[in-house]
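# Analysis of the macromolecular model
So you can see what is in the structure, the chains are spelled out below.
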Amino acid sequence: MYTDIPNRILEKYDRMTKAEKKIASFMLEQKDDLQLTTITELAEYCGVADSTVFRFCKLLGYGGYNEFKLALAQEQGLARGQSGEPQNAKDETAGTVTTEDDVVTTGIKLKNLYFAAIAQTLQLLDPESVKTAARLLYDSQRVYCFGSGGSMIMAMEAWGRFAMVAGQFATVPDTHLQLMSAAHLTERDAVWFFSYSGSTRDMVDILSVVKENGARVVAVTRFKNSPIAQYADVILVCGSNENPRQPGSIVAKIAQLTVIDMVYEEYMRIDERQMEESKRKGTLAVAKRLL
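Now for a look at the structure at hand. For every chain, the first residue of the written sequence is number 1, and numbering continues from 1 along that sequence. Note on the predicted model: pLDDT of at least 70 is required for a residue's local features to be given, and 80 or more for side-chain atom pairs to be given and counted; whole-chain, interface and lining totals, by contrast, use all residues. Side-chain metrics in this entry use all non-hydrogen atoms of the structure; hydrogen atoms and water are not considered.

Turning our eyes to something else, we now look at the side chain of Thr 221. Starting at the N terminus, helices and strands are each numbered in turn, a helix being any DSSP run of H or I of at least four residues and a strand any DSSP run of E of at least two. The residue Thr 221 is located in strand β4 (residues 216-221) in this model. Residue exposure (1.4 Å probe, protein chains only): buried if accessible area is under 20% of the type maximum, exposed if over 50%, otherwise partly exposed. Judged by relative accessible area, Thr 221 falls into the buried class, the value being 0%. Polar contact criterion, stated in full: a pair of N or O atoms within 3.5 Å, where within protein one must be able to donate a hydrogen and the other to accept it, and residues adjacent in sequence count only if both atoms are side-chain atoms. Engagement of the side chain of Thr 221 in a polar contact is seen with the backbone oxygen of Tyr 196, the distance being 3.0 Å. Not counting the four nearest positions on each side in its chain, Thr 221 is found in contact with Ser 195, Tyr 196, Ser 197, Gly 198, Ser 226, Ile 228, Ile 235, Leu 236, Val 237 and Cys 238. We call two residues in contact whenever any of their non-hydrogen atoms come within 4.5 Å of each other.

In this section: the environment of Tyr 114. Tracing the backbone shows Tyr 114 in helix α6 (residues 103-124). A sequence separation of 137 residues divides Tyr 114 from Val 251, and the C-alpha atoms of the two residues are 5.7 Å apart. When sequence neighbours within four positions are dropped, the list of residues in contact with Tyr 114 reads Ile 250, Val 251 and Ile 254.

Here the aromatic set is Phe, Tyr and Trp, taking the six-membered ring for Trp, and pairing holds for ring centres within 6.5 Å; pairs whose planes are under 30 degrees apart are stacked, those over 60 apart are edge-to-face, and all others are tilted. Taken as a whole and assessed by the stated rule, the structure comprises twelve aromatic pairs. Between Phe 162 and Trp 192, the ring centres sit 5.4 Å apart and the planes meet at 80°, which makes this aromatic pair edge-to-face. Of this pair, Phe 162 sits in helix α8 (residues 150-163) while Trp 192 is found in strand β3 (residues 190-194), placing the two residues 30 residues apart along the sequence. On the basis of relative accessibility, which here comes to 0%, the residue Trp 192 falls in the buried class.

Within this document, salt bridges are pairs made up of a side-chain nitrogen of Lys or Arg and a carboxyl oxygen of Asp or Glu, the two lying within 4 Å of each other. The tally for this structure, following the rule as stated, stands at nine salt bridges. Arg 135 is the salt-bridge partner of Asp 139, the closest N and O atoms lying 3.4 Å from each other. Of this pair, Asp 139 and Arg 135 are both found in helix α7 (residues 127-139), four residues apart, which corresponds to roughly one turn of the helix. A salt bridge links Glu 277 to Arg 280; its shortest N-O distance comes to 2.7 Å. Taken together, the residues span about one helical turn, with Glu 277 and Arg 280 both in helix α12 (residues 272-287) at a distance of three residues. Judged by relative accessible area, which is 31%, Glu 277 ranks as partly exposed. Through salt bridges with shared partners, a single network forms among Arg 161, Asp 261 and Glu 265.

So, on to the side chain of Ser 195. Along the chain, the position of Ser 195 falls in the loop between β3 and α10 (201-212). Separated by 2.9 Å, the side chain of Ser 195 and the backbone nitrogen of Gly 198 make a polar contact. Excluding residues within four positions of it along the chain, Ser 195 makes contact with Ser 151, Thr 200, Met 203, Val 220, Thr 221, Arg 222 and Ile 228.

Here we take up helix α9 (residues 175-182). All of the buried residues in α9 are Thr 175, Gln 178, Ser 181 and Ala 182. Taken end-on, α9 shows its buried residues confined to a sector of 110°, consistent with a single buried face. Lining the buried residues of α9 we find β1 (143-147), α8, β3 and α10. Where α9 begins, one side-chain oxygen reaches toward the backbone nitrogen of His 176, 2.9 Å away; that side chain belongs to Asp 174. An arc is given here, and it is the one of the directions from the helix axis to the C-beta atoms.

Take a look at the structure:
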């Protein structure tokens, strides 16, 4: 950690509650790992509520936990810049891309980051959860692929992947329209929701309506203990640790695309003959559009 955040903590430490002091101590000791820690995970580590972490960040002068993490990322970036040693001094093909990298080094680093994201996803992804998710989607009358921001792009990727072989998949890009669509779901329907953080207001608003109507939820997230867990019937955990200063990174999308493809292949195995026929029809439908 650089200097401003620990100074803010120490200045206000004497006025903190017992629970807030737990958070302060944890932050000062585990400063290097906080960028990749969700508010729920931090609350669990400290034995406090999510709301206590939020109030703690407000006490330090930040709008909330995400704003705190962004400030932390900026400070740590400054600290690395003043260390006198380039980030890639030990291994030019490891770590994140820097402004000092040439095109070739950038390509090698990106390749390594993509491979690492896939490997981590395969390590975190529970095979039984993949099978359960595929069966749940297969048995549903309608499947809405939802998300917001960069995660909406992933929802559209899922819809596009499955639209070739199944007619029940659909997507709605606007969060207000997602809410309206969710209001008409039934217990025969499902929502495939994408949220890397698993901790957005739009997500909570939409999934609350989804569950009120009895529809089932398949969640894709990096953090299985994030708020999305309380709404999900199945959680699919993707790999890749996204820096708060680079939300919506391609590396995180590669991890989520891997999850989509894993579910797709399992979905296809449920009824291979029917799926191949559906794929044939879908292929023929678009063949005439090719020159």
